[in-house]
Amino acid sequence: MILPTVRDPRFTTIRRGGTLTDADHHLLALWAAVCAEHVLPLFEAVRPEDPRPREAIERVRAWARGEVTMTASRTAGGHAMGAARPLRGAARHAAYAAGQAAVVAHVAAHELGAAAYAIKAVRAAAPADRSVAAGRAECRWQRDRLPAAIRELVLDDQRLRNDICWSVFDC
C-alpha cells in the first residue's frame, strides 16, 4: 500500500475540496512521468514488444497538456500495471512506475508511487552489494528534477510516506 489511509488535502484538487491547483497537479504528473521514463529501459529490455508502459507515460503527459481525459490516462496506467504483473524484479517495478505515473491524473498522491517503484527498479537492477547505493542515487536524481513549485510538497510527502513506500526515500 503506497497511499495513506487518510487523504492529504494537499493532493486533492481545489474543486474537490483540497488545496491542489490544476497547475501543480499537472507538475506532479509530469514529474512522475520523468521518474518512470528514467527506468523504462529496464522494462523494455525484457519486453521490447510491449508498448503499454511507454504508452502510459505518454498518456499522462498528454493529460497534463489537456489532450486526453483523466480516464484515458488512468486506463493506460492500469494497462501498464497489467504488463508488470507476470514479471519479476527490475522490469516489473519499472512497469509499475509507468502505471503509477499515469494514474496521477486520477489521484495526485500516486506521484510517490511512480518515484518509489522507479527506485525499486534501479535497486533490483543493481548488483546486490550496490543496490542501496543505486537506489539512493536514483532518489537524488529524481529530487534534482523536481519543479520548484512542487518541490517542498513532494519532499514533505516523501518524509510522511517513506515508511509505506518501502523506505526508499532515505537519500
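What counts, and where the lines are drawn
- Residues numbered from 1 in each chain as written.
- Predicted model: local features only at pLDDT ≥ 70, side-chain atom pairs only at ≥ 80, totals over all residues.
- Heavy atoms only, no water.
- Helix = DSSP H or I, 4+ residues; strand = E, 2+ residues; numbered from the N terminus.
- Buried < 20%, exposed > 50% of the residue type's maximum accessible area, 1.4 Å probe, protein only.
- Expected span 1.5 Å × (residues − 1).
- Contact = heavy atoms within 4.5 Å.
- Disulfide = S-S within 2.5 Å.
- Axes fitted to C-alpha atoms, helices over the stretch in contact; angles between N-to-C directions.
- Parallel < 35°, antiparallel > 145°, perpendicular 65-115°, else oblique.
- Left-handed = near helix turned anticlockwise from the far one by under 90°.
- Nonpolar A, V, L, I, M, F, W, Y, C, P; charged D, E, K, R; others polar.
- Salt bridge = Lys/Arg side-chain N within 4 Å of Asp/Glu carboxyl O.

Visitor: Describe the environment of Ala 80, with residues and values.
Guide: Its place among the elements puts Ala 80 in helix α3 (residues 70–84). With relative accessibility at 0%, the residue Ala 80 sits in the buried group. On a C-alpha basis, the gap between Ala 80 and Ala 97 in space is 8.6 Å, while along the polypeptide they are 17 residues apart.

Visitor: Hey, could you go over helix α6 (residues 131–144) for me, with residue numbers and the actual values?
Guide: Because an α-helix completes one turn every 3.6 residues, residues spaced three or four positions apart along the sequence face the same direction. Its 14 residues give α6 an end-to-end C-alpha distance of 20 Å, which sits within 8% of 20 Å, the value for a rise of 1.5 Å per residue. Listed in full, the buried residues belonging to α6 are Ser 131, Ala 134, Gly 135, Glu 138, Cys 139, Gln 142 and Arg 143. Contact partners of the buried residues in α6: α1 (22–44), α5 (111–125) and α7 (148–161).

Visitor: Break down the state of the cysteines for me, citing the residues and quoting the values.
Guide: With the rule as written, the count across this model stands at 1 disulfide. No disulfide involves Cys 165; its nearest neighbouring cysteine sulfur is the one of Cys 139, lying 11 Å away.

Visitor: Quick one: what's the story with the packing of α1 against α5, residue by residue and with numbers?
Guide: Running from N to C, α1 and α5 cross one another at 20°; their axes reach a closest spacing of 8 Å. Judged by the inter-axis angle, α1 sits roughly parallel to α5. The way α1 lies across α5 gives a crossing that is left-handed. Within the contact between the two elements, α1 uses Leu 28, Trp 31, Ala 32, Cys 35, Val 39 and Leu 42 and α5 uses Glu 111, Ala 114, Ala 115, Ala 118, Ala 121, Val 122 and Ala 125.

Visitor: With reference to specific residues and values, describe the packing of α3 against helix α4 (residues 89–103).
Guide: One way to put it is that α3 packs onto α4 with a least axis distance of 7 Å and a crossing angle of 170°. As far as their axial angle goes, α4 and α3 are roughly antiparallel. For the pair α3 and α4, the contacting residues are Ser 73, Arg 74, Ala 76, Gly 77, Ala 80, Met 81, Ala 83 and Ala 84 in the first and Arg 92, Ala 95, Tyr 96, Ala 98, Gly 99, Gln 100, Ala 102 and Val 103 in the second. Each residue belonging to the contact of α3 with α4 can be placed in one class, and the counts come to 10 nonpolar, 4 polar and 2 charged.

Visitor: Tell me about the pattern of salt bridges, and please be specific about residues and values.
Guide: Evaluation of the coordinates by the stated rule reveals 11 salt bridges. For the salt bridge of Arg 52 with Asp 50, the shortest nitrogen-to-oxygen distance reads 2.6 Å. For Asp 157, the salt bridge goes to Arg 161, with nearest N and O atoms at 2.7 Å. Taken as a pair, Asp 157 and Arg 161 lie in helix α7 at a separation of 4 residues, close to a single helical turn. Relative accessible area serves as the criterion here: at 3%, Asp 157 is assigned to the buried category. Classification of Arg 161 by relative accessible area gives buried; the value is 4%.

Visitor: Quick rundown of the environment of Ala 102? Include the residues and the values.
Guide: Examined against the element boundaries, Ala 102 turns out to sit in helix α4. Along the primary structure Ala 102 and Val 39 are separated by 63 residues, whereas in three dimensions their C-alpha atoms are 15 Å apart. Filtering out sequence-adjacent residues up to four positions away, Ala 102 remains in contact with Ala 56, Val 60, Ser 73, Arg 74, Ala 76 and Gly 77.

Limitation: the analysis is restricted to geometry and does not speak to function.
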